[in-house]
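Residues per chain, in single letters:
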Amino acid sequence: MGLGTTFHLQIIGMDHTVADLNQREKCAFSKEEIPNGIKKCLKLTGVREVAILSTCNRVEIVAVIEQEYSAESKKILTNFLQDFKGYEAVTHLFDYSNLKAVEHLYRVASGMESMILGEYQILSQVKESLDLSNTAGGIDTILHGLFAKVITASKRVRTETQLGVGAVSVAGSAVDLIKKIFNDLSKHKALIIGAGDTGQLVAKHLVDSGIGDILVTNRTLAKAETLAKEINANVVEFDKFCDVLKDVDIVFGTTASNTPVLNMVQLKKALVKRTMRPLALIDIAVPRDFEVGIDKLEFVFLHCLDDLQKLIAHTIDVRRQELGLAESIVLDEAKKFVAWCNSLDVAPTIVALRSKVMQIQDVEINRQKNKLSPAEIENCLNFSTAVLNKLLHLPISQLKQCDINNNSDLRRIKYIRESFGLDNSG
Amino acid sequence: MLSFITTLKIITWCNMGLDLACLVLYAIHFFCNEKHIEPLMQKLLWLSTVIHFGILASRGLYFSRHPMGNAFEAIFSFALVISILYIYIEKHINVRDTGLIVLSIAFVFRLSALLGCNFNAPASSLLDNKLFAYHSGAAIIGCASLLIASIYGFLYIVLYWKLKHSNFNRIFDRLPSLEILNEMNIHAAWYGFWFFSASLIFGMRWWKLQYGTYFSNDPKIILGFITCAVYAIGIIGHKFAGWNGKRLAYLSILGFSIILFSATIVNLLFSTIHGTSY
């Protein structure tokens, strides 16, 4: 059974679970290719609407077609992909139809199908592909409704579950860890030792987290100055960074040094000048920048790469535990979409319209019950029924003339439903 | 027709149901991180706290006496102060994850008062004296504050070791930052210390009027002074030597352990004026 009486949703595609990077590369659509692809696909027999989602991990063709799902209908989209991308490129495809296709798209947009579980960037990629497909003329009533609901489902998963909780990158999890020590990072100062790629990444995360102030130090001063300029930070000479340890609360080690740049003796000396405040040392350098064992000091919290990996594993574990709840939200939202599609048929809309109007009449008549006599109520009822029937005559006649195989008629049905609030009345 | 006291007892038990519902919501929030139930949790907490306050106030008005007159009322007041302080803390730090722990303790106290104490017991005659009434009132508020300080101190230690040993689990996720736990411990201990000290001063003055001397060898009074000294050391250390974190957390736990020891073991094993006051 399809979504409505005459249309079916079908998705074919590949992602990291069914195809390796080589295959995904061959099958990927560039932004420039998408409009052309959509135009070609729309010319195929039975294809009414189409959207192409192409990211680094997935390529998916989402289409509204007239044929019921079968090996033949699947072939339409597969042949299109093979024609467009070459026969060798298109292997290991997955395919979904109708309710399963809706669920799949919701799962994708919620990060449940992402390589990194719960990764949220995918939603903006879905929105982007929607825009591109819309501009190319591939989207009409059904896919427009579908993508709007995709965003709703994704936001529900995000807010009602912990699927997006915590960070899963080294720098991000380091910031998460620091937030367990300090409540408001804007009141604290951080020192980044090393201005290479890792140092830059850490600096970006710290700036995003709203850190109060950043100091940067590097053996090559010019490199530190460049990074400091980028993030509006101050520079400390490398051989003097121990002098600022009394003022900073967070220190990142990111150098490529073969020997520790901070040892117990240096730290003990620095701590003498500090009040009893916690000092977070995050060592993401290999070999390590901070001497092993310096966290024996009371207020020092030392975390190395292994600790951060442990935190990432824990975060992913928490996210995985949320999958069941996320699945139920996806199913719930998918069912709502299917119900909406079914409502686009003419008959349910007429019934819903009549029932909505009669409901309003009932409420208003009930309000007058105490003020009027039974005879007057009877008159009011007859009068209002006559007026309402006349008012409804035109929209109902127009609805009866609608052909749901025609997209402009589908839009008309949708317009009437929205104007009378038929989708909000439960 | 139900008597006033019977009606009040029914209301008290009903409110215990409300308390339990509130606690269940806090547990769901803690274990499942259901953010959408937060407004309901807060409303239930406010409602049950206001009703508890109403129960105590109406008892005081009905009997025309101190509303902490018997053991039931004293324990109930203690739990009420814990709830009020927690509401203040929750508003102040905007973190709800410690609610399950703090409110569970308040619930246990309420339940033990209902099950273990005589609901209709007459008020202690000692409370007819204003000084003694001030002494017991200040002691209840002080001890509740110090209990909260020790809870946050304990949570600080838990998170401290979890961070030191990179032990990440659900409890780690749910606890607020060390900075907040430290701040809460210090604030609660600060107010608790002053109320507890005031209680000692009122108590000493009453003792002087009764027995002609300020000092006594009553073990509970001696332990009260020791408790005060422990918190004084912590407060002075914090103000003048910058003590923070683990050290203050351990001091809070130590201080409240002495109060607990004094309220249980000492009451059972020694003959003390506090053992007979209620």
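As for the side chain of His314 of chain A
Right, so step 1: On the secondary structure map, His314 of chain A appears in helix 11 (residues 305–321).
Right, so step 2: A polar contact of 2.7 Å, which involves the side chain of His314 of chain A, links it to the side chain of Asp173 of chain B.
Right, so step 3: With residues up to four places along the chain from it excluded, the contact list for His314 of chain A reads Phe168, Asn169, Arg170 and Asp173 of chain B.

With respect to unusual backbone geometry
Right, so step 1: At the junction of Val286 of chain A and Pro287 of chain A, the peptide bond is cis and its omega measures out at -5° in the coordinates.
Right, so step 2: A positive phi angle is found at Asn232 of chain A, which is not glycine, with a value near 60°.
Right, so step 3: Relative to the elements of secondary structure, Asn232 of chain A occurs in the loop between helix 9 (221–231) and strand 7 (234–237).
Right, so step 4: Asn232 of chain A gets classed as exposed once you look at its relative accessible area, which sits at 71%.
Right, so step 5: Non-glycine residue Ser166 of chain B carries a positive phi angle of around 45°.
Right, so step 6: By the element assignment, Ser166 of chain B lies in the loop between helix 5 (130–164) and helix 6 (170–174).

Section: the pairing of strand 10 (residues 300–304) of chain A
Residues and elements named next belong to chain A.
Right, so step 1: Among the five residues in strand 10, five count as buried, and that is most of the element.
Right, so step 2: Judged by which residues are buried, strand 10 turns out to be covered on both faces: Val300, Leu302 and Cys304 on one side and Phe301 and His303 on the other are all buried.
Right, so step 3: When strand 9 (residues 279–283) meets strand 10, the two strands line up parallel, connected through five bridges. Paired with Ile282 across the two strands is His303, which belongs to strand 10.

As for the domain arrangement of chain B
Residue and element names in this part refer to chain B.
Right, so step 1: Along its sequence, chain B is carved into domain 1 (1–123) and domain 2 (129–273).
Right, so step 2: Taking the mean C-alpha position of each, domain 1 and domain 2 sit 22 Å from one another.
Right, so step 3: Domain 1 puts 24 residues into the contact, and the matching count from domain 2 is 19 residues.
Right, so step 4: Those elements giving two or more residues to the side of domain 1 that touches domain 2 turn out to be helix 1 (4–32), helix 3 (71–93) and helix 4 (99–116).
Right, so step 5: No other element matches helix 3, which puts ten residues into the side of domain 1 that touches domain 2.
Right, so step 6: Looking at the side of domain 1 that touches domain 2 residue by residue, the class counts come to 17 nonpolar, six polar and one charged.

Some points on the interface of chain A and chain B
Right, so step 1: Opposite the 25 residues of chain A that make contact, chain B presents 26 residues.
Right, so step 2: Between chain A and chain B lies a buried interface of about 2,200 Å² when both sides are counted; carbon and sulfur atoms form 51% of it.
Right, so step 3: Looking only at chain A, the three residues that lose the most surface to chain B are Lys180, Met276 and Glu298 of chain A, adding up to 31% of its buried area.
Right, so step 4: For the pair chain A and chain B, the number of links is one salt bridge.

As for the sheet that holds strand 3 (residues 58–65) of chain A
Working definition: the strands of a sheet are paired by backbone hydrogen bonds and lie parallel or antiparallel to each other.
Residues and elements named next belong to chain A.
Right, so step 1: What the four strands build is an open sheet, ordered 2-3-1-4; its pairing is antiparallel. Bordering the open sheet on either side are strand 2 (47–54) and strand 4 (94–97), each of which pairs with just one other strand. Between one strand axis and the next, the sheet turns by 15° as a mean value, whatever way the strands run.
Right, so step 2: Running over the sheet, helix 3 (residues 71–85) touches strand 1 (8–15), strand 2, strand 3 and strand 4 and is turned about 45° from strand 1.
Right, so step 3: Strands in contact with helix 4 (residues 98–109) are strand 1, strand 2, strand 3 and strand 4; relative to strand 4, the strand with the most contacts, it is inclined by about 115°.

Details of the nonpolar core
Right, so step 1: Ranked by internal contacts, the top residues of the largest apolar core, which has 100 residues, are Leu206, Val216, Ile250 and Phe252 of chain A together with Tyr152 of chain B.
Right, so step 2: Considering every element that reaches this core, the biggest residue donor is helix 5 of chain B, with 15 residues.
Right, so step 3: With sequence-adjacent residues up to four places away left out, Ile250 of chain A is seen in contact with Ile178, Phe182, Leu185, His188, Lys189, Ala190, Leu191, Ile211, Leu279 and Ala280 of chain A.
Right, so step 4: Among the nonpolar cores identified, the runner-up in size contains 51 residues, and Phe94, Leu146, Val157 and Leu388 of chain A belong to it.

Section: helix 5 (residues 121–135) of chain A
Given 3.6 residues per helical turn, the α-helix brings residues three or four places apart onto the same face.
Residue and element names in this part refer to chain A.
Right, so step 1: With 15 residues, helix 5 should cover 21 Å at 1.5 Å per step; its first-to-last C-alpha distance of 22 Å lies within 8% of that length.
Right, so step 2: Buried positions along helix 5 lie against helix 2 (33–42), strand 2, strand 3, helix 4 and helix 6 (141–160).
Right, so step 3: After helix 5 finishes, the residue Gly137 shows a positive phi value of roughly 85°.

What about the pattern of salt bridges?
All names here are of chain A.
Right, so step 1: Evaluated as defined, the whole model comprises 24 salt bridges over all chains.
Right, so step 2: When the shortest N-O distance is used, the salt bridge between Glu364 and Arg367 registers 3.5 Å. Taken as a pair, Glu364 and Arg367 lie in helix 13 (residues 346–368) at a separation of three residues, close to a single helical turn.
Right, so step 3: One connected set of salt bridges, linked through shared partners, spans Arg156, Glu160, Asp332, Glu333 and Lys336.

Definitions and limits used
Residues numbered from 1 in each chain as written. Chains lettered and ligands numbered in written order. Predicted model: local features only at pLDDT ≥ 70, side-chain atom pairs only at ≥ 80, totals over all residues. Heavy atoms only, no water. Helix = DSSP H or I, 4+ residues; strand = E, 2+ residues; numbered from the N terminus. Polar contact = N/O pair within 3.5 Å; in protein donor to acceptor, adjacent residues only side chain to side chain. Contact = heavy atoms within 4.5 Å. Buried < 20%, exposed > 50% of the residue type's maximum accessible area, 1.4 Å probe, protein only. Pairing = 2+ DSSP bridges. Domains from an automatic or database assignment. Nonpolar A, V, L, I, M, F, W, Y, C, P; charged D, E, K, R; others polar. Buried area = accessible area lost by both parts, 1.4 Å probe. Salt bridge = Lys/Arg side-chain N within 4 Å of Asp/Glu carboxyl O. Axes fitted to C-alpha atoms, helices over the stretch in contact; angles between N-to-C directions. Core = buried A, V, L, I, M, F, W, Y, C linked by side-chain atoms within 4.5 Å. Expected span 1.5 Å × (residues − 1).

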